[in-house]
Amino acid sequence: DRDAYLANHVFAGPETRTMVTDFFVTIQTAQKYANKCRRAFGDEAADRYCGRTLRDVIVTTNAEDCEYVIDGDTAVVTHPIAEMNMVRIDGVWKMEYRDYDTPEELERVRAQSRMYKATAAVYRQLIAEMVEPGMTPEELNERKKAMMAGIYNPKPHIDAVANE
């Protein structure tokens with residue numbers, strides 16, 4: 001649940017809390033998509049065409065696959081897909097989001113939040129499209145790739161290209 005997830009984090013400010021909340025919603029929505037793929041197409045087709053979700057990757061990573069640098073009540077955990085700052089509060093380790101010193105860093109947090117919201121919207125759209133008669137897992141996968149490309153590989157703005 002969202003509240004339990006957020007309770008395992010320490011936030012520097014409202015922007016980081018929003019970003020992590022948006023990330024949680026994205027993971028939930030991606031999991032709903034994966035579950036619906038399994039029901040619609042079966043495990044083999046879902047594994048092949050719908051892909052593993054980020055939640056699957058995080059959950060199936062063993063603690064031995066991470067590197068840990070602990071210094072008192074702070075730590076850096078290097079996971080195969082991310083590096084996380086941790087802080088121990090009352091004996092419990094929590095992910096820590098630190099202050100952002102520059103407007104550029106703060107904008108990066110806001111951009112990440114926008115990306116998570118857009119990704120969740122893609123998964124919601126794909127879930128809705130799965131009810132269309134005759135939709136194959138291959139077609140759904142191609143649709144997903146096209147929609148995600150617009151989020152993760154946006155086309156540069158025409159003015160930026162012209163000024164290069």
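Shown above is the structure to which this text applies.
Residues numbered from 1 in each chain as written. Predicted model: local features only at pLDDT ≥ 70, side-chain atom pairs only at ≥ 80, totals over all residues. Heavy atoms only, no water.

**Student:** I'd like a description of the environment of V20, backed by residues and values.
**Tutor:** Position of V20 relative to the elements: it lies in helix α2 (residues 14–41). C-alpha separation for the pair V20 and H9, spaced 11 residues apart in sequence, amounts to 8.6 Å. If sequence neighbours within four positions are ignored, V20 has contacts with Y5, L6, H9, F11 and Y97. (Helix = DSSP H or I, 4+ residues; strand = E, 2+ residues; numbered from the N terminus. Contact = heavy atoms within 4.5 Å.)

**Student:** Can you lay out the sheet that holds strand β1 (residues 9–10) for me, pointing to particular residues and giving the numbers?
**Tutor:** Across the sheet, which stays open at both edges, the five strands sit in the order β1-β5-β4-β3-β2 with mixed pairing between neighbours. Both edges of this open sheet fall to β1 and β2 (67–71), since each of them pairs with a single strand only. Inspection of the sheet shows β1 paired to strand β5 (residues 92–96) by two bridges, in the parallel sense. If you follow H9 over to β5, its bridge partner there is M95. (Pairing = 2+ DSSP bridges.)

**Student:** Could you give me a rundown of the nonpolar core, with the residues and numbers involved?
**Tutor:** With 24 residues, the main nonpolar core has Y33, C37, L126 and L140 as its most contacted residues. Counting only elements with at least two residues in this core, the list comes to α2, α3 (43–50), α5 (103–129) and α6 (137–152). (Core = buried A, V, L, I, M, F, W, Y, C linked by side-chain atoms within 4.5 Å. Buried < 20%, exposed > 50% of the residue type's maximum accessible area, 1.4 Å probe, protein only.)

**Student:** Residue-level account of the pattern of salt bridges, with values.
**Tutor:** Taken as a whole and judged by the stated rule, the model has eight salt bridges. E107 is paired through a salt bridge with R114; the nearest N and O atoms lie 2.5 Å apart. By relative accessible area, which is 34% here, E107 ends up partly exposed. Here the salt bridges do not stand alone but share partners, grouping R38, D43 and D47 into one network. (Salt bridge = Lys/Arg side-chain N within 4 Å of Asp/Glu carboxyl O.)

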